[in-house]
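The chain contents come next:
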Amino acid sequence: MVIAVIGLLSSIVLVSMQNVRAQARDAVRKQDLKQLETALLKYAAQNDQFPGERWCDSSIGSNDTGCPVNPAGNNWLATSQIWQNLVGSGIMARLPLDPTNNTTYYYYYEPCCNQDCGGGRSCAGKGCCEYNISSSRLETTGSSYTLWGRWD
């Protein structure tokens, strides 16, 4: 009987710990995106625009066809413009990786460059004047988490 009660209590504790771990990973995701946002704003202050991109620049790689990328190196590519402009210029020591960093949970960067950005906003002739930096999904909500910015 005692063993059964201990087993039941252990399973309850393990289930609640999984939720706490998911919440902690989501907190890291939000903090990582805030650090990227700060770096993007610093870059824009120095260059009057945000970094460009290929088609998809993400923490699981970059490619010319879209996100998610099939993770080759499971990291931002050093050839991507966000890496070159933030890490290569010394604004950041490294680009953050999602705590899980796979095809379900990853970060990605999307700028709006020299085009209609929607909502009556345009970057035509302005280089890259808007960006979205996102976590593909939060574990606790199942939805993405996005920070948006504009430089005029």
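Structure shown above.
In what follows, the accompanying structure is described. (Residues numbered from 1 in each chain as written. Predicted model: local features only at pLDDT ≥ 70, side-chain atom pairs only at ≥ 80, totals over all residues. Heavy atoms only, no water.)

**Quick look at the overall build of the protein**
Step number 1: A tally of regular secondary structure across the protein gives two helices and seven strands.
Step number 2: A globule of 152 residues ought to have a C-alpha radius of gyration of about 15 Å, yet the protein, at 19 Å, is considerably larger.
Step number 3: Its C-alpha atoms put the protein at 75 × 35 × 30 Å along the principal axes.
Step number 4: Every one of the 152 residues in the protein was classed for burial, and the buried ones make up 37%.
Step number 5: Pairs at least 24 apart in sequence give 55% of the contacts found in the protein among residues at least 6 apart.
Step number 6: Accessible surface computed for the protein: about 8400 Å², of which carbon and sulfur atoms make up 54%.
Step number 7: For the protein, the separation between the mean place of its 12 positive charges and that of its 13 negative charges on side chains is 7 Å. (Helix = DSSP H or I, 4+ residues; strand = E, 2+ residues; numbered from the N terminus. Rg over C-alpha atoms; globule rule 2.2 N^0.38 Å. Buried < 20%, exposed > 50% of the residue type's maximum accessible area, 1.4 Å probe, protein only. Contact = heavy atoms within 4.5 Å. Areas by Shrake-Rupley, 256 points an atom, 1.4 Å probe, with all protein chains shown as cover. Lys, Arg positive; Asp, Glu negative; His and termini not counted. Charge placed at Lys NZ, Arg CZ, Asp CG, Glu CD.)

**Some words on the sheet that holds strand S1 (residues 56-58)**
Step number 1: Reading across from one edge, S2-S1-S3-S6-S7 is the order of the five strands in this open sheet, with antiparallel pairing throughout. Pairing within the sheet leaves two strands with one partner each, and these edge strands are strand S2 (61-63) and strand S7 (145-150). Each adjacent strand pair in this sheet contributes to an overall mean axis angle of 20°, direction not counted.
Step number 2: Alignment of S1 against strand S3 (residues 107-113), held across two bridges, turns out to be antiparallel. Paired with Asp57 across the bridge in S3 is Tyr109. (Pairing = 2+ DSSP bridges. Axes fitted to C-alpha atoms, helices over the stretch in contact; angles between N-to-C directions.)

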